[in-house]
Amino acid sequence: MSRALALLLLPGLLGASGPADTLTVLYEVSGVRVIQRYAPASDIVAVRLYLLGGTQQLTERTAGIEALLLRASGLGTELFPGAEAHRAMDRTGSIVTLEPELDWTVFGFTGLAADLDAAWSVFADRLLHPTLSEQGVAQARARLLSDARRRYTEPDARLTAIAMQALFRSHPYALDPEGTETSLASLTVADLKTYAREQIVTSRMLLAIVGNVTRAHAESLVTATLGRLPRGSYRWTLPQAPARAKPRWLIEHRLIPTTYLLGLFAGPPPTSHSYWAFRVATALLSSELHHAIRSERGLSYAAFAPYRDGAIPVGGAYVSTPKPDKALMLMVDQIRELRDQPLDYFGLSRFIDSFGFDYLAENATSAGQADFLARAELYLGGYQQGDEFSKRLHSVSPDDILRVTGQYMAAIQYAYLGDTTRMHGHW
């Protein structure tokens, strides 16, 4: 994507130096908070409903309950019985989104503005009047159970799951919002109906709409559907930071050709100035890992620093390699260099320019903008704060990188899956 095109697609996301955002509004209608960006030039409309709470809503027994409820709702509603819900949405050409995350569940769709009313009808009825038949729930459960088995058996996915559980011991983030085999198997139709009645309430909702839809049109859709749900008494709060734990290893010995190694570390909340430095530092680490492990020495096809945005952001260091002992030393060296060797100011500024542009370009779609606006509203206290994204990134100094690296990349929780004899004692 060219820079000129990105500038056209990203009004209000470019910071203080970019064009003023006069097309985005925040309002409440019938108890539902709505962030809407009117984009008359775009025929693509993104609708994203954020059901707030995420893993703070869950226990070990109920992990995955919202995912199961919403997936089952696609297999029958009052207006669209059985498979008609899927067929009706397919006729609009819209793509449904269902993403259970740590801080919320995202449920919505992306489609043509001309088909908004038809797609909205299916979307809303899944929330208001899901049938939740035994057969429908069983089908939805089977799909989620298959995904859970894959998540806890495939090396990369399992590595992430167990590393997160180690990093967030006794914290809601240790729970799996998509559910485990044990939790999904134990949830009943009665559990889902109770959850729908008590938790699908407007106080848990933030609705983001981006595209060629007028405010009056959006308000009429919400008033006639979601606005009829109970208000409830939910209040959105950021989760508490996890207790600081000593670094440790989670090791699974497997006689496989490739070793999978992942270290995770938790960062500062988005409301902190350090959040921006942490974000840049993790991106820098990713670049250095790729260069040192893959490009320079050919020890891996994949070496990078994963980053998971959230109320508590998570960074890391990952490598899949046949020589884990050598790769681990290189991972440690790159973190040490970030912590101990000050960066050149102009070099850091150029890196931030590139990183910031790439991030904003990735959010140029209607769906990306909806997510950007919602995250700014929920994490930063107002969608307008997203306008300062570029300014906040460029406020990060070389000293900030040294500080956050030393503070947040010190307590790393490592997960290792592979042949332990290849480490030769380098733990």
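My aim in this report is to walk through the structure given alongside it, one point at a time. (Residues numbered from 1 in each chain as written. Predicted model: local features only at pLDDT ≥ 70, side-chain atom pairs only at ≥ 80, totals over all residues. Heavy atoms only, no water.)

1. Details of the packing of helix 3 (residues 84-92) against helix 4 (residues 116-128)
- As a packed pair, helix 3 and helix 4 sit with axes 9 Å apart at the nearest point and diverge in direction by 155°. In terms of axis orientation, helix 3 runs roughly antiparallel to helix 4. Between helix 3 and helix 4 lies a crossing whose hand is left-handed. The segment helix 3 lies against helix 4, with A85, A88, M89 and T92 engaging A118, A119, V122 and F123.
- When the residues that make up the contact of helix 3 with helix 4 are grouped by side-chain class, the tally is seven nonpolar, one polar and no charged. (Axes fitted to C-alpha atoms, helices over the stretch in contact; angles between N-to-C directions. Helix = DSSP H or I, 4+ residues; strand = E, 2+ residues; numbered from the N terminus. Parallel < 35°, antiparallel > 145°, perpendicular 65-115°, else oblique. Left-handed = near helix turned anticlockwise from the far one by under 90°. Contact = heavy atoms within 4.5 Å. Nonpolar A, V, L, I, M, F, W, Y, C, P; charged D, E, K, R; others polar.)

2. A closer look at the nonpolar core
- Core analysis: the largest hydrophobic core is formed by 50 residues, its most contacted members being V47, W120, F123, L207 and L226.
- The element that contributes the greatest number of residues to this core is helix 4, accounting for seven residues.
- In contact with V47, not counting residues within four places along its chain, are F107, G108, F109, L116, W120, F123, L207, A208 and I209.
- Counting 39 residues, the second-largest nonpolar core is a separate cluster that includes A305, I401, I412 and M423. (Core = buried A, V, L, I, M, F, W, Y, C linked by side-chain atoms within 4.5 Å. Buried < 20%, exposed > 50% of the residue type's maximum accessible area, 1.4 Å probe, protein only.)

3. Focus: the sheet that holds strand 6 (residues 205-211)
- Strands sit in the order 1-2-6-3-5-4 across an open sheet of six strands; the sheet is mixed. With partners counted over all chains shown, the strands left at the sheet margins are strand 1 (24-29) and strand 4 (95-100), one partner each. Looking at each pair of strands side by side, their axes are set apart by 15° on average, direction ignored.
- Packing against the sheet, helix 2 (residues 65-73) makes contact with strand 3 (44-52), strand 4 and strand 5 (104-112), and its axis sits at approximately 160° to strand 4.
- Across the sheet, helix 4 touches strand 3, strand 4, strand 5 and strand 6, and the angle it forms with strand 5 is around 160°. (Pairing = 2+ DSSP bridges.)

4. Topic: the side chain of D419
- Position of D419 relative to the elements: it lies in the segment after strand 12 (413-418).
- The buried charged residue D419 lacks any salt bridge, with R422 as its nearest oppositely charged partner at 4.2 Å.
- For D419, the side chain forms a polar contact with the side chain of T421, separated by 2.7 Å.
- Apart from the residues lying within four places of it in its own chain, the contact partners of D419 are H253, R254, L255 and T259. (Lys, Arg positive; Asp, Glu negative; His and termini not counted. Salt bridge = Lys/Arg side-chain N within 4 Å of Asp/Glu carboxyl O. Polar contact = N/O pair within 3.5 Å; in protein donor to acceptor, adjacent residues only side chain to side chain.)

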